[in-house]
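Observations on the three-dimensional arrangement
In case you want the letters, here they are:
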Amino acid sequence: MQITANGIQIEVQTYGPEDGVPLVLIRGLGSQLIHWPEEFYEGLAAVGFRVVLFDNRDVGLSQRCPKAGVASDADEITAAALAGAPTPAAYRLNDMAKDVVGVMDALGLERAHVFGMSMGGAITQLLCMDHAERLLSGTIVMATARPFAERGGNAEWLATLLARHVDRETYIKSCIAEYINWGSPAFPMTQQEVAAQAAQAYDRAFDPEGINRQVLAVIASTDRRQDLTQVALPCQVIHGDKDTLIPPEAGAEIAGLIPNCDHHLIEGMGHVITPKQAPMLIEMMQDFITRRAS
C-alpha cells in the first residue's frame, strides 16, 4: 500500500497481528522490500511481531526524489569524482531516517523495534541517535559507522557502486555475480533462487538513477562514531565473518561504541540475508528483545 511519510509516497507492507509489537525492517542500498526473505518476515510475524516492510525512497514502488542540479547518471557522477569535483547528494541518510519515522506515524506506531541491514544499518544508527524516543531497540546488521572517505572510499570504488541501465538478462547475470562475491557460504542461495529474485526486482522497479541517488546519500553521510557513544537504547550488532563488502571489524567497532551493545559475529555469513538464515535471526531477535527490550 502507498502511504505519505515525511512528505513523500512510500510503499509499505505489513505482516502479523495488528496489536503485535512493531518491528520495522530497513533494506540496504538499491534493494527493495521484495529482497527480504519471506521466511524471515513471515517467521517474525508468526511469533507475534507486527512486521513493517517498505521500499526506501528512490527504489521499488516508493517515490523518486531527484533534485535540480544534482547528477543521477552514473557516468556523469564518475566523471566528476575522477576530476576531483564535488558529487552533491539529493538528500542525506538523515532524511531517510525521517522517512522511517514518517512510516511509523502513518501506521500509528508510537514506538518500534528497528532492524536495518547495510545502508539500513546506517539509517538505524541515525534513528538511535536522533529519534531515540520513537525506538524500542535498534538492531544494526552488516553496517559501518565510518564515513566513505574514512573507509578508503575513492572515485574508483564509487564507480563500482553506481548503477547503469542494462537489459533484464544482464541485470540478472550481474546479481548472480554479486552474490558469488557477497553471499553467505554457510547459508547459501542457489543460482536459480538468486536469478528469480533478480528478475522480480528488475520487473518490479529497476531504476539506476534512484539507486545512484542513494549511493550519493551514503557517500555524503558523516562520521557517526562519537554520537553512538551517547546512545542509551538497547542495541545489538549482527555481522558476518565472511562479509567482503563491509568487514566484520566495522560491526565490532559499532558494538564497542554503543554502551551495553550486544554483538553477534555470525560464522559463514556474508553481506546478504538469505532464507536459510531466517530461523537463526528470528531466534536472535526474540532472545534479544526478551532480555533487553521487552
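Figured I'd write up the structure that's included with this text. (Residues numbered from 1 in each chain as written. Predicted model: local features only at pLDDT ≥ 70, side-chain atom pairs only at ≥ 80, totals over all residues. Heavy atoms only, no water.)

1. Comments concerning the sheet that holds strand β5 (residues 112-117)
Condition: Any two strands with at least two DSSP-identified bridges between them are counted as paired. Secondary structure elements follow DSSP: runs of H or I no shorter than four residues count as helices, runs of E no shorter than two count as strands, and numbering proceeds from the N terminus. Helix axes use the C-alpha atoms of the stretch in contact, all axes being lines fitted to C-alpha atoms, and the angles between their N-to-C directions lie in the range 0 to 180 degrees. Any two residues having at least one pair of non-hydrogen atoms within 4.5 Å are treated as being in contact.
The eight strands are arranged β1-β2-β4-β3-β5-β6-β7-β8 in an open sheet whose pairing can be described as mixed. Lying at the two open borders of the sheet, with one neighbouring strand each, are β1 (2-5) and β8 (262-266). Put simply, the sheet's adjacent strands are angled 25 degrees from each other on average, direction ignored. As judged from the four bridges shared by β1 and strand β2 (residues 8-15), these two strands associate in the antiparallel manner. The residue bridging Thr-4 from the neighbouring strand is Gln-9, located in β2. Of the strands in this sheet, β6 (135-141), β7 (235-240) and β8 are in contact with helix α10 (residues 248-257), which crosses β7 at around 170 degrees.

2. A few points about the packing of helix α1 (residues 38-46) against helix α11 (residues 278-292)
Two measures define how a pair of helices packs: the angle their axes make with one another and the distance between the axes. Here is the rule we go by: A clockwise turn of the near helix away from the far one marks a right-handed crossing, whereas an anticlockwise turn of less than a right angle marks a left-handed crossing. Lys, Arg, Asp and Glu make up the charged group, whereas Ala, Val, Leu, Ile, Met, Phe, Trp, Tyr, Cys and Pro make up the nonpolar group; the residues left over, Gly among them, are polar.
The geometry of α1 relative to α11 is characterised by a closest axis approach of 9 Å and an angle of 35 degrees between their N-to-C directions. In this structure, α1 crosses over α11, and the sense of that crossing is right-handed. Residues Glu-39, Phe-40, Gly-43 and Leu-44 of α1 lie in contact with α11, whose contacting residues are Ala-278, Leu-281, Ile-282 and Met-285. The class makeup of the residues in the contact of α1 with α11 is six nonpolar, one polar and one charged.

3. Considerations on the packing of aromatic side chains
The following threshold applies: Stacked, tilted and edge-to-face are the three classes applied to pairs of Phe, Tyr and Trp rings, where Trp contributes its six-membered ring and a pair requires centres within 6.5 Å; stacked means planes under 30 degrees apart, edge-to-face means over 60, and tilted covers the rest. Note on exposure labels: buried denotes an accessible area under 20% of the residue type's maximum, exposed denotes more than 50%, and partly exposed covers the range between, all computed with a 1.4 Å probe on protein chains only.
Counted by the stated rule, this structure contains seven aromatic pairs. Seen from their ring centres, Trp-36 and Phe-40 are 5.9 Å apart, and the 40 degrees between their planes marks the pair as tilted. Owing to a relative accessible area of 0%, Phe-40 belongs among the buried residues under this scheme. The interplanar angle of 45 degrees and the centroid separation of 5.4 Å between the aromatic rings of Tyr-171 and Tyr-202 together place this pair among those described as tilted.

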